[in-house]
Amino acid sequence: MRGLVGFVLGLVAIVLVASRLGGEAACPAIGWSSALTVEVGPGWPAAQAVRVDCSSPCGLLLSSPADEPDTITVPLAGGSATVTFVTGSPDSVTATVLAADGAVLTVADLDVEWVRVGGSRECGGPGEAHATVPAP
């Protein structure tokens, strides 16, 4: 019986070592979404919404048609708005702050620094980021 237990433990050890030394990790075939919160700095009493644009398709959820650069407008709530990207994490976006009548208050190019909040380094995963549009 001891010989059988030793054999099984040895086999398990070999399989574990081989799996750690073998090539790439297998990633699950699932998607994820990442959230960017755009905040307006103090001094924005007339700001009502933020339009977020990417210069090329970047996976914005519920955005423009597939043959156009991604853009989405979301209302501000408490000085911030959150947009969702489907399996994407752009390095930069353009944020346009809009008044209640749709007038452009300012346009800002924002660098986005993502923090992964799930998944793995090898396979990617959802992220979160915050960016602030300073008052003009």
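This text goes with the structure placed above it.
Computed from a predicted model, the values in this text were never measured in an experiment.

*Asks:* Would you explain the sheet that holds strand β4 (residues 80-86) in this entry?
*Replies:* Where strands meet in a sheet, backbone hydrogen bonds hold them as pairs that are either parallel or antiparallel. Taken together, four strands build an open sheet; the order of strands is β4-β1-β8-β7 and the sheet is mixed. Of all the strands in the sheet, the pair left with one neighbour each is β4 and β7 (115-116). In this structure, β7 lies alongside strand β8 (residues 127-133), joined through two bridges in antiparallel fashion. Each bridged residue has a counterpart across the sheet, and for Val115 the counterpart in β8 is Glu128.

*Asks:* What's the story with the side chain of Asp70 in this structure? I'm lost.
*Replies:* Locating Asp70 in the fold gives a position in the loop between β2 (47-53) and β3 (71-75). The side chain of Asp70 sits in the buried core without any salt bridge; Arg51 is the nearest counter-charge, 13 Å away. Side-chain polar atoms of Asp70 contact the backbone nitrogen of Cys58, separated by 2.7 Å.

*Asks:* I'm lost on the nonpolar core in this one. Help?
*Replies:* Where a protein is soluble and globular, its nonpolar side chains tend to be buried together. Ranked by size, the top nonpolar core spans 25 residues in total, and within it Leu36, Val38, Val83, Phe85, Val93, Leu110 and Val133 carry the most contacts. Elements with a minimum of two residues in this core: β1 (33-40), β2, β3, β4, β5 (92-99), β6 (104-111) and β8. Beyond its immediate chain neighbours, meaning those up to four positions away, Val38 contacts Val50, Val52, Leu76, Gly79, Ser80, Ala81, Ala95, Leu110, Ala131 and Val133.

*Asks:* What should I look at first to understand the environment of Gly118 in this one?
*Replies:* Its location among the elements puts Gly118 in the loop between β7 and β8. In the structure, Gly118 is positioned 10 residues away from Glu128 in sequence and 9.9 Å away in space, judged by C-alpha atoms. Beyond its immediate chain neighbours, meaning those up to four positions away, Gly118 contacts Gly124, Gly125 and Pro126.

*Asks:* Looking at this model, I keep getting lost on the state of the cysteines. Mind explaining?
*Replies:* Note: disulfide means a covalent bond formed between the sulfur atoms of two cysteine side chains. Under the counting rule described, the total for this entry stands at one disulfide. Disulfide partner of Cys54: Cys58, at an S-S distance of 2.0 Å. Classification of the bridge connecting Cys54 and Cys58 rests on its S-S torsion, roughly 70°, and on that basis the disulfide is right-handed. In this structure, Cys54 and Cys58 share a single accessibility class: buried.

*Asks:* Could you clarify how one ought to interpret the pairing of β4 in this entry?
*Replies:* A regular strand carries its side chains on alternate faces of the sheet. The alternating pattern of β4 places Ala81, Val83 and Phe85 on a buried face and Ser80, Thr82, Thr84 and Val86 on a face that is not buried. Strand direction decides the pairing type here: β1 and β4, joined by seven bridges, are antiparallel. Across the sheet, Ala35 pairs through a bridge with Thr84, a residue of β4.

*Asks:* Even after reading the chapter, I still don't get the sheet that holds β5, so can you show me in this structure?
*Replies:* Read from one edge to the other, the open sheet built from four strands follows the order β3-β2-β5-β6, with strand pairing classed as antiparallel. In this open sheet, the two strands that pair with only one neighbour each are β3 and β6. Along the sheet, successive strands turn relative to each other by an average axial angle of 20°, direction set aside.

*Asks:* How should the pattern of salt bridges be read in this particular structure?
*Replies:* Two side chains that carry opposite charge are able to pair once their charged atoms sit near each other. Scanning the entire structure with this criterion turns up two salt bridges. Among the salt bridges present, the one from Arg51 reaches Asp53, with a minimum N-O distance of 3.6 Å. Assessed through its relative accessible area of 28%, Arg51 is described here as partly exposed. Glu122 serves as the salt-bridge partner of Arg121, at 3.6 Å between the closest nitrogen and oxygen. What makes Glu122 exposed here is its relative accessible area of 55%.

Parameters and conventions
- Residues numbered from 1 in each chain as written.
- Predicted model: local features only at pLDDT ≥ 70, side-chain atom pairs only at ≥ 80, totals over all residues.
- Heavy atoms only, no water.
- Pairing = 2+ DSSP bridges.
- Helix = DSSP H or I, 4+ residues; strand = E, 2+ residues; numbered from the N terminus.
- Buried < 20%, exposed > 50% of the residue type's maximum accessible area, 1.4 Å probe, protein only.
- Lys, Arg positive; Asp, Glu negative; His and termini not counted.
- Salt bridge = Lys/Arg side-chain N within 4 Å of Asp/Glu carboxyl O.
- Polar contact = N/O pair within 3.5 Å; in protein donor to acceptor, adjacent residues only side chain to side chain.
- Core = buried A, V, L, I, M, F, W, Y, C linked by side-chain atoms within 4.5 Å.
- Contact = heavy atoms within 4.5 Å.
- Disulfide = S-S within 2.5 Å.
- Axes fitted to C-alpha atoms, helices over the stretch in contact; angles between N-to-C directions.

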